[in-house]
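Each chain, letter by letter, is given below.
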Amino acid sequence: MSPTATPDPDLHHALSDPGFTPGRRHFAALMDLLEAAGEPAELAERALRRAGAAALPAALERAAGAAPSLRAPLTRLVGKLMAAAPLDPGVAERARGHLLTCLRDDDRRTRRMAAVALGKLPAADAGRPLVAEALAEAARGEPSPDVRRALIDALGKVGGSAAIEALAELGGDLSELAGVRARAELLARRTLSRGELSEIAGDRAPERPVRVAVRCRRGLEAILAEELAALDEGSPGGGLAPELRSDPCGGTRVEVTLRGRLDALFGARTMLSFAFPLPLRKLDEGQDLAAAVADRLLSRESREILRRFTVGAIRYRIDWAGGGKRRAAVFRVAAAVEAGAPELVNDPTQSTWDVVVHEGAGRVRVELAPRLPDPRFAYRRGDVPAASHPTIAAALARIAGVRGDDVVWDPFVGSGLELCERALLGPYRRLVGSDRDPRALQIARENLDAAGARGAELLQRDAGGAPPPGDAPTLILTNPPLGRRVERTGDLDAMLDRFVEGAARALAPGGRLVWISPFPERTEAAALRSGLRPEALQRVDMGGFDAQIQSFHKAALRPQAIHDRGHDRGDRRRGDRLDRPAAGRGGRGPQQAELRGEQHRPPRQEERHDHRDHDAEPPRAVGRRVGGKVAVVGPPEGRRRRRGG
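Residues numbered from 1 in each chain as written. Predicted model: local features only at pLDDT ≥ 70, side-chain atom pairs only at ≥ 80, totals over all residues. Heavy atoms only, no water.

### Describing helix H9 (residues 145–158)
Here's step 1: Between its first and last C-alpha, H9 extends 20 Å over 14 residues, near the 20 Å set by a 1.5 Å rise per residue.
Here's step 2: Buried within H9 we find Val 147, Arg 148, Ala 150, Leu 151, Ile 152, Ala 154, Leu 155, Gly 156 and Val 158.
Here's step 3: Within two residues after H9, Gly 159 carries a phi angle of roughly 70°, on the positive side. (Helix = DSSP H or I, 4+ residues; strand = E, 2+ residues; numbered from the N terminus. Expected span 1.5 Å × (residues − 1). Buried < 20%, exposed > 50% of the residue type's maximum accessible area, 1.4 Å probe, protein only.)

### Considering the pairing of strand E13 (residues 430–435)
Here's step 1: With six of six residues buried, E13 is to be regarded as a mostly interior element.
Here's step 2: Alternating positions in E13 separate into two faces, Arg 430, Val 432 and Ser 434 on one and Leu 431, Gly 433 and Asp 435 on the other, with burial throughout.
Here's step 3: Taken together, the four bridges between strand E12 (residues 407–410) and E13 define a ladder with parallel strand orientation. Residue Trp 409 lies in a different strand from E13, and its bridge partner there is Val 432.
Here's step 4: A crossover connection joins E12 to the parallel E13 through helix H17 (residues 417–425); in handedness this β-α-β unit is right-handed. (Pairing = 2+ DSSP bridges. Right-handed = clockwise from strand over helix to strand, strands pointing away.)

### Considering the layout of surface pockets
Here's step 1: In this model, the largest pocket occupies a volume close to 1,100 Å³.
Here's step 2: Residue lining of the largest pocket: 31 residues in total, with Arg 183, Leu 187, Arg 190, Pro 348 and Thr 349 positioned closest to the centre.
Here's step 3: If you list the elements that add at least two residues to the lining of the largest pocket, you get H9, helix H11 (178–190), strand E8 (314–320) and helix H15 (327–340).
Here's step 4: By residue class, the composition of the lining of the largest pocket is 13 nonpolar, eight polar and 10 charged. (1 Å grid on protein atoms, 1.4 Å probe; cavity = no way out; pocket = protein on both sides within 12 Å on 5 of 7 lines; lining within 4 Å. Points joined across faces, edges and corners; volume = space filled by probe spheres on them. Nonpolar A, V, L, I, M, F, W, Y, C, P; charged D, E, K, R; others polar.)

### Notes on the nonpolar core
Here's step 1: In terms of nonpolar packing, the biggest core is built from 85 residues, with Phe 276 and Trp 353 touching the most fellow members.
Here's step 2: The residues contacting Phe 276, other than those within four sequence positions of it, are Val 210, Arg 211, Val 212, Leu 258, Leu 262, Ile 305, Phe 309, Trp 353, Val 366, Glu 367, Leu 368 and Pro 370.
Here's step 3: Listed in part, the 54 residues of the second largest apolar core include Ala 44, Leu 48, Leu 81 and Ala 95. (Core = buried A, V, L, I, M, F, W, Y, C linked by side-chain atoms within 4.5 Å. Contact = heavy atoms within 4.5 Å.)

### Comments concerning the pairing of strand E17 (residues 532–541)
Here's step 1: The buried fraction of E17 amounts to eight of the 10 residues, a majority that puts the element mostly inside the structure.
Here's step 2: Two strands pair when backbone bridges link them, and E17 and strand E18 (residues 546–554) are joined in this way by nine bridges, in the antiparallel orientation. Each bridged residue has a counterpart across the sheet, and for Val 540 the counterpart in E18 is Ala 547.
Here's step 3: The loop that links E17 with its antiparallel partner E18 comprises four residues; one of these, Gly 543, has a positive phi angle of about 85°.

### Side note on the packing of aromatic side chains
Here's step 1: Under the defined criterion, the tally for this structure stands at six aromatic pairs.
Here's step 2: Consider the rings of Phe 377 and Tyr 379, whose centres lie 6.4 Å apart with planes at 85°: the pair is edge-to-face.
Here's step 3: Look at Phe 377 and you get buried, because its relative accessible area is 9%.
Here's step 4: Joined through ring pairs, the aromatic side chains of Phe 276, Phe 309 and Trp 353 make up one cluster.
Here's step 5: Arg 326 extends its terminal NZ or CZ atom over the ring of Trp 320, reaching a point 4.7 Å from the ring centre.
Here's step 6: Sitting over the ring of Tyr 428, Arg 454 keeps its end group 5.1 Å from the ring centre. (Phe/Tyr/Trp six-rings, centres within 6.5 Å; stacked < 30°, edge-to-face > 60°. Lys NZ or Arg CZ within 6 Å of the ring centre and 35° of its normal.)

### Digging into the packing of helix H3 (residues 39–51) against helix H5 (residues 68–84)
Here's step 1: One can describe the packing of H3 onto H5 by two numbers: an axis separation of 10 Å at closest approach and a directional angle of 35°. In the crossing of H3 with H5, the sense of the turn from one axis to the other is right-handed. Note on element contacts: H5 touches H3 through Arg 76, Leu 77, Lys 80 and Leu 81, opposite Glu 45, Leu 48 and Arg 49.
Here's step 2: Within the contact of H3 with H5, the residues separate by chemical class into three nonpolar, no polar and four charged. (Axes fitted to C-alpha atoms, helices over the stretch in contact; angles between N-to-C directions. Left-handed = near helix turned anticlockwise from the far one by under 90°.)

### Concerning helix H12 (residues 221–231)
Here's step 1: The element H12 is extensively covered by neighbouring structure, given that eight of its 11 residues are classed as buried.
Here's step 2: Among the residues of H12, Glu 221, Ala 222, Ile 223, Leu 224, Ala 225, Glu 227, Leu 228 and Ala 229 are the ones counted as buried.
Here's step 3: Turning to H12, the residues buried within the fold contact strand E2 (210–216), strand E3 (243–247), strand E4 (251–258), strand E5 (271–277) and helix H16 (390–400).

### Focus on the pattern of salt bridges
Here's step 1: Counted by the stated rule, this structure contains 43 salt bridges.
Here's step 2: The closest approach of N and O atoms between Arg 522 and Asp 493, which form a salt bridge, is 3.3 Å. One end of the pair, Arg 522, is in helix H20 (residues 520–529); the other, Asp 493, is in helix H19 (residues 492–506), with 29 residues separating them in the sequence.
Here's step 3: Classification of Asp 493 by relative accessible area gives buried; the value is 1%.
Here's step 4: Look at the salt bridges and you will find they share partners, linking Arg 211, Arg 215, Glu 243, Arg 245, Asp 247, Arg 253, Glu 255, Arg 365 and Glu 367 into a network. (Salt bridge = Lys/Arg side-chain N within 4 Å of Asp/Glu carboxyl O.)

### Some remarks on the environment of Ala 63
Here's step 1: Along the chain, Ala 63 turns up in helix H4 (residues 56–63).
Here's step 2: Ala 63 sits in the buried class, given a relative accessible area of 4%.
Here's step 3: Sequence separation between Ala 63 and Leu 74 is 11 residues; the distance between their C-alpha atoms is 6.2 Å.
Here's step 4: Apart from residues no more than four positions distant in its own chain, Ala 63 is found in contact with Arg 71, Leu 74 and His 98.

### Points about the side chain of Asp 105
Here's step 1: With respect to the helices and strands, the residue Asp 105 is situated in the loop between helix H6 (89–102) and helix H7 (108–118).
Here's step 2: Asp 105 sits in the buried class, given a relative accessible area of 14%.
Here's step 3: Here Arg 71 takes part through its side chain, which lies 3.0 Å from a polar atom of the side chain of Asp 105.
Here's step 4: Every residue in contact with Asp 105, bar those within four places of it in the chain, is listed here: Arg 71, Thr 110 and Arg 111. (Polar contact = N/O pair within 3.5 Å; in protein donor to acceptor, adjacent residues only side chain to side chain.)

Set out below in structure tokens:
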């Protein structure tokens, strides 16, 4: 929360607070600071940008008649406020007029700032044709090379037919800026297709069987492979036949052979993303990476996939798996692809495909990832800090399995995703969630109702308290708060020990505890002391740190023991409290300082099916299934493990 402002605040002190949002009475003093050099000016501009549209009229009034040393930073501020905030049409027109006037300013820096700002006008701005004409006119008579460069670049970003015509007219006068002009023409042309339909046809099947790389959170590959294998069991086409692959160029993934509909892959609830891998391309030392990427995009395999699954215009953006924007390389790829296949339009703003580029071991791997709306987690109506990623919740539910008589309890219910996923997986007798936070319970209720979780109950109580009244739980399914929702008391490890011991008492005989532990060795030891038998232990990437999915089983009572116990409430009725401290346990765990809360991608990205795990590192210490077959989640790097092998 921003601190309450005082009538005469110490702005230098307030600006050091990243949450400080100025009011109107601060605007004049902050704009004075824009004239200064260095950090004060930067902090003042950031604060004014946080004020948003409210600061724009004040900036326009101050810019009128200001000295050149202040006009340039004010022009820059006007442009940023226009691009970032929805504006009243009258204010937007006034700001656009100011920027157009600044194109003729005597001050070189002010002209350049105006050109940069006009290139970032919102796509819906009504004055874009007028802006293109003004930018072209200014470029013809501009004496400064750096300002001409900014004007040409702005023309490309404004785009459309008016900008293309203006750039063509400037061709003879701008030989010294030919590269800049070529890039601007490319940018301008790509806007022409934005009015056309462009979407992915998820209901289509490939013309012939095609490979698809499917990715998940590191550590869940075996579960993902099981899900994919189950999608086409009994299919006359032979099913997806998942194979686990891991190599330096493509990382760890599950590859399948797709014969049916593309959207059938959404049946795998632990999946993050899927993409069509193109044939590997060897990259010789010194060879241009952009040329290799363009070669893959122009290949027969690429065009066949893009044309088969795209309805309307084919628009793509380039995503470097290793990170970074690499703008120069993107431009070289886009220019080469446009020359060879003009129907493929590079458009990072309104793309239908992600072209994901992997590099490693002297090779380049290009994958085509369709931006298909993801229907799997449409039940999510809200979220809470540090809640589970839905694919993690799906993995927990799948590991727990389905029993029709299950009494399922989530003592750290949060937004309720674990219960939602368990309800979607199969029948149960009862679903109960509890949490101390009433807001979390409200969000969980909305999510559970949207998921169709019949009869789900929610209780406000501490996870360390007594289990829900009634029959003892046969399944405790939960993801405890590992980050922001944890009280920072330094005893998370001891608290989780007590939780495991209490869960063992609360479970009905034959029941299971399936959860995520940040301290796997410690909580496994606590489970063994408490009489729980480990069934599956699997390390998983939680998005910033590793934890372990742990599945424990409580022994069922022998028939004679059941007879001896009679109607003992400890058999099927409510268990003991979970917060009973274990003797000799406690203290701060060494891993406490390393924990970070789960970082969620924005809902907008999830809707576009962008649950990509950017960590390509293969799993190291893979999970194990205790007392049964080994659950191998990744072969050594460079080796392939076939399903069932």
